[in-house]
Structures are given as structure tokens and as C-alpha cells.
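This is what each chain is made of:
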Amino acid sequence: DEGSAFATIAQKIRTALERMGLEGFGEKGDLFDPQVHEAIAQVPVPGTEQTTVLDVIERGYRIGDVELRPAKVAVAVGADG
């Protein structure tokens, strides 16, 4: 919960890691890139022309050019018919 002791500690840890260069990635609406995303679900969506991130299950993280963890995502794919 916002304002709890755990939230305060988590924010301090995030801030310290970001100062060291930690960067989170994986946002809804991003184009799916198998080099940085791990698709754990495909959802057929009528009218979809490009495979895009529909939902982020786990954010990905990198420090500089080193990927620590890919973003686990559900992707929107074109629906047949």
C-alpha cells in the first residue's frame, strides 16, 4: 500500500538501483520485440496489423546494454476472419 513502510523501503531501493543505471522496460502498446520481450500469451484482436504488447505481466530490466530479465508480456495478434 502507498505510504506503508514496505512501499517506502521499496521506493528507496528502486531509487538506489536507478542511480546505478537500472532501467525498467516493457510497456503496454510497445511493438513486440522477441529480443527483449518474452510472450507468454497471444490474444487474437480483430484489426491488429502488428504484434503489440497488450499487457505486461513482469517488467524487464537492464543495466546499460546488459539485459537482466526480459519483459514477460501478453501480445495482441491479428484475428483471422
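Numbering of residues begins from 1 in every chain and follows the order in which that chain's sequence is written. Reporting in this predicted model follows two pLDDT cut-offs: at least 70 for local features of residues, and 80 or more for side-chain atom pairs to be given and counted; totals over whole chains, interfaces and linings ignore these cut-offs and use all residues. Excluding hydrogens and water, the side-chain values take into account all heavy atoms of the structure.

## Considerations on the overall build of the chain
Working step 1: Secondary structure elements follow DSSP: runs of H or I no shorter than four residues count as helices, runs of E no shorter than two count as strands, and numbering proceeds from the N terminus. Broken down by element type, the chain carries 1 helix and 6 strands.
Working step 2: Here the radius of gyration uses the C-alpha set of atoms, whereas the globule reference equals 2.2 Å times the residue count to the power 0.38. Compactness check: the chain gives a C-alpha radius of gyration of 16 Å against a globular reference of 12 Å for 81 residues, more than 25% above the reference.
Working step 3: Each of the three principal axes of the chain carries a C-alpha extent, and together these read 50 × 30 × 15 Å.
Working step 4: The buried label goes to any residue with under 20% of its type's maximum accessible area, the exposed label to any with over 50%, and the partly exposed label to all in between, with areas taken from a 1.4 Å probe on protein chains only. Taking all 81 residues of the chain together, the buried fraction comes to 16%.
Working step 5: What makes two residues a contact is simply this: any of their non-hydrogen atoms within 4.5 Å. Put simply, 62% of the contacts in the chain that link residues at least 6 apart link residues at least 24 apart.
Working step 6: What sets the accessible areas is the Shrake-Rupley method with a 1.4 Å probe; for residues, cover comes only from the shown protein chains. Counting every atom, the chain has about 5,900 Å² of accessible surface; 52% of that belongs to carbon and sulfur.
Working step 7: Counted charges follow a simple rule, with Lys and Arg positive, Asp and Glu negative, and His plus the chain ends left uncounted. For the purpose of locating charges, the reference atoms are NZ of Lys, CZ of Arg, CG of Asp and CD of Glu. Looking at charge distribution, the chain has the averaged site of its 8 positive side-chain charges lying 10 Å from that of its 14 negative ones.

## Thoughts on the confidence of the model for the chain
Low-confidence regions, as indicated by low pLDDT, have predicted coordinates that should not be scrutinised in detail.
Working step 1: Confidence of the predictor in every single residue is expressed as pLDDT, which spans 0 to 100. The predicted model of the chain has a mean per-residue pLDDT of 92, with 98% of residues at 70 or higher.
Working step 2: For the chain, the element scoring lowest by mean pLDDT is helix α1 (residues 5-19), at 93; strand β3 (residues 52-58) scores highest, at 96.

## Quick look at the pairing of strand β6 (residues 71-78)
Working step 1: Where burial is concerned, most of β6 is hidden: 6 out of the 8 residues are buried.
Working step 2: DSSP calls a pair of strands paired once it identifies at least 2 bridges connecting them. As paired elements, strand β2 (residues 37-45) and β6 share 8 bridges and run parallel to each other. The residue of β6 that forms the bridge with Ala39 is Val73.
Working step 3: Taken together, the 5 bridges between β3 and β6 define a ladder with antiparallel strand orientation.

## Let's talk about the sheet that holds strand β5 (residues 66-69)
The strands that make up a sheet are held in pairs by hydrogen bonds between backbone atoms, and each pair lies either parallel or antiparallel.
Working step 1: The strand order across the open sheet built from 3 strands is β1-β4-β5, with neighbouring strands paired in antiparallel fashion. In the strand order of this sheet, the two ends are held by β1 (22-25) and β5, each with one partner. Each adjacent strand pair in this sheet contributes to an overall mean axis angle of 30°, direction not counted.
Working step 2: In terms of strand pairing, strand β4 (residues 60-63) meets β5 through 3 bridges, oriented antiparallel. Within β5, the position partnered with Arg62 by the bridge is Glu67. Inter-axis angles, ranging from 0 to 180 degrees, are taken between N-to-C directions of lines fitted to C-alpha atoms, where helices are fitted over the stretch in contact.

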